[in-house]
Amino acid sequence: MRIDIITGLPRLLVSPLQESILKRAQEKGKATIVVHDLREYAHDKHRTIDDTPFGGGAGMVLKPEPIFECIESLQRERRYDEVVYLSPDGEPFTQRLANELSLKEHLILLCGHYKGVDQRVRDALVTREISIGDYVLTGGELAAAVVVDAVVRLIPGVLSDSESLLSDSFQDGLLGSPQYTRPADFRGMKVPDVLLAGDHKEIERWRMEQRLSRTHERRDDLFPSKD
Ligand code: ADE
C-alpha cells in the first residue's frame, strides 16, 4: 500500500511515522508513506499556501492552486483509490472504516489547517472526508497520523503473531479483556487465578465474559440495537 500525505506542516508527521509498527511496516516494504510539503507547490517567493477568506471572517484558508498541483502531479503517476480530506465535518473514523481503507492500494490524505481548505478542492478532488472525533484539532496532521496508524497495522504481514489483530478491541465489535503480566502479586494486587491455572478453555471463557461485561458497562452503544 502507498499513502501520500499532503500538508503545510510536514514536520508534525515525521516522528509518528518513524517509530514502532509504522517504521517496521515501511522497512518490510508493506507500506510506503510519503509526506509532501505543500509549500513546494507554491510559486511566489514567500511560498504562500493560505489566504484570507472571501466574505471576511477569522482564520486563513488553504489556497486551491498548490493543492491542485500537488494532487494532480500524484495522479499522473498512479491511480488513487481515494483522496481523503481530514476534517471535523467528515464521516466518523471507525475500525470498520480502517479495515476498508487497509484493502486499498493507493491513498492520498490531505491535511487542512487554519480554517480549512478552499471548497473547490473538496468539490473537485476529494472523494472522502474523514473525522477522527467530535472535537477540533489545529490541523489534519494528527488526524492523518491516527488514520495511517490504524490502517497500516491491518495490512497482512505488518503485525507479528504475538501482536495479533484477533484480540484487538473493536475488531469484532467488543472492547478488549484485562491484561496482566509478571509479577502475579504486585503490592497485594493479585492476578486472577484463572489466568495462572493454565486451563486454556477456561481462560478463553473468562476473557470473553470480561469483554462482554466491559463493553456493556462502558460502551453499550456498540451492541447491535435491540429494537
Ligand atoms: N482536522 C481538525 N479537526 C479534525 C478532526 N476532528 N478530525 C479530522 N481532521 C480534523
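Being a predicted model, the structure only gives us computed values, none of them experimental. (Residues numbered from 1 in each chain as written. Predicted model: local features only at pLDDT ≥ 70, side-chain atom pairs only at ≥ 80, totals over all residues. Heavy atoms only, no water.)

This paragraph deals with the nonpolar core. Within the largest apolar cluster, 31 residues are counted, with the highest numbers of intra-cluster contacts made by Ile5, Phe93, Leu109, Val148 and Val152. Contributions of two or more residues to this core are made by strand S1 (2-7), helix H1 (11-17), helix H2 (20-27), strand S5 (82-92), helix H4 (95-102), strand S6 (106-111) and helix H6 (141-152). A per-element tally of this core places H6 first, with 8 residues. Beyond its immediate sequence surroundings of up to four residues, isoleucine 5 is in contact with Leu13, Leu17, Ile33, Val34, Val35, His36, Leu109, Cys111, Ala144 and Val148. (Core = buried A, V, L, I, M, F, W, Y, C linked by side-chain atoms within 4.5 Å. Buried < 20%, exposed > 50% of the residue type's maximum accessible area, 1.4 Å probe, protein only. Helix = DSSP H or I, 4+ residues; strand = E, 2+ residues; numbered from the N terminus. Contact = heavy atoms within 4.5 Å.)

This part covers the sheet that holds S6. Judged by pairing direction, the sheet is parallel, and its 5 strands sit side by side in the order S2-S1-S6-S5-S7 without closing on themselves. Each having just a single partner strand, strand S2 (32-37) and strand S7 (128-131) make up the two edges of the open sheet. The sheet shows a mean angle of 30° between the axes of neighbouring strands, direction not considered. Where S5 meets S6, 5 bridges bridge the pair, whose relative direction is parallel. Looking at S6, one finds that valine 83 is bridged to isoleucine 108. (Pairing = 2+ DSSP bridges. Axes fitted to C-alpha atoms, helices over the stretch in contact; angles between N-to-C directions.)

Locating isoleucine 5 in the fold gives a position in strand S1. Using a relative accessible area of 0% as the deciding quantity, one classes isoleucine 5 as buried. It is 6.0 Å that separates the C-alpha atoms of isoleucine 5 and histidine 36, two residues lying 31 residues apart in sequence.

Turning next to the site of the ligand. Near the ligand, the surroundings consist of 13 residues, among which Ser87, Ile132, Gly133, Tyr135 and Leu137 are the closest. A distance of 3.1 Å separates a nitrogen atom of the ligand from a polar atom in the backbone of glycine 133. With respect to the ligand, the backbone of leucine 137 contributes an N or O atom lying 3.0 Å from a nitrogen atom. The protein chains hide 96% of the 260 Å² of surface that the ligand would expose on its own. Every element with two or more residues in the shell around the ligand is listed here: S5 and S7. The element best represented in the shell around the ligand is S5, accounting for 3 residues. Class assignment of the residues belonging to the shell around the ligand gives a composition of 8 nonpolar, 5 polar and no charged. (Near = heavy atom within 4 Å. Polar contact = N/O pair within 3.5 Å; in protein donor to acceptor, adjacent residues only side chain to side chain. Areas by Shrake-Rupley, 256 points an atom, 1.4 Å probe, with all protein chains shown as cover. Nonpolar A, V, L, I, M, F, W, Y, C, P; charged D, E, K, R; others polar.)

Relative to the helices and strands, proline 64 resides in helix H3 (residues 64-77). Put simply, proline 64 and valine 117 are 53 residues apart on the chain and 7.3 Å apart in space, counted from C-alpha to C-alpha. When residues no more than four places from it in sequence are discounted, the contact partners of proline 64 are Asp118, Arg120 and Val121.

Here serine 131 is to be found in strand S7. Of the residues examined, serine 131 reaches a relative accessible area of 4% and is grouped as buried. A distance of 3.0 Å separates the side chain of serine 131 from the backbone oxygen of glycine 133, its partner in a polar contact. Not counting residues within four places of it along the chain, the set of residues in contact with serine 131 comprises Ser87, Pro88, Gly90, Glu91, Pro92 and Phe93.

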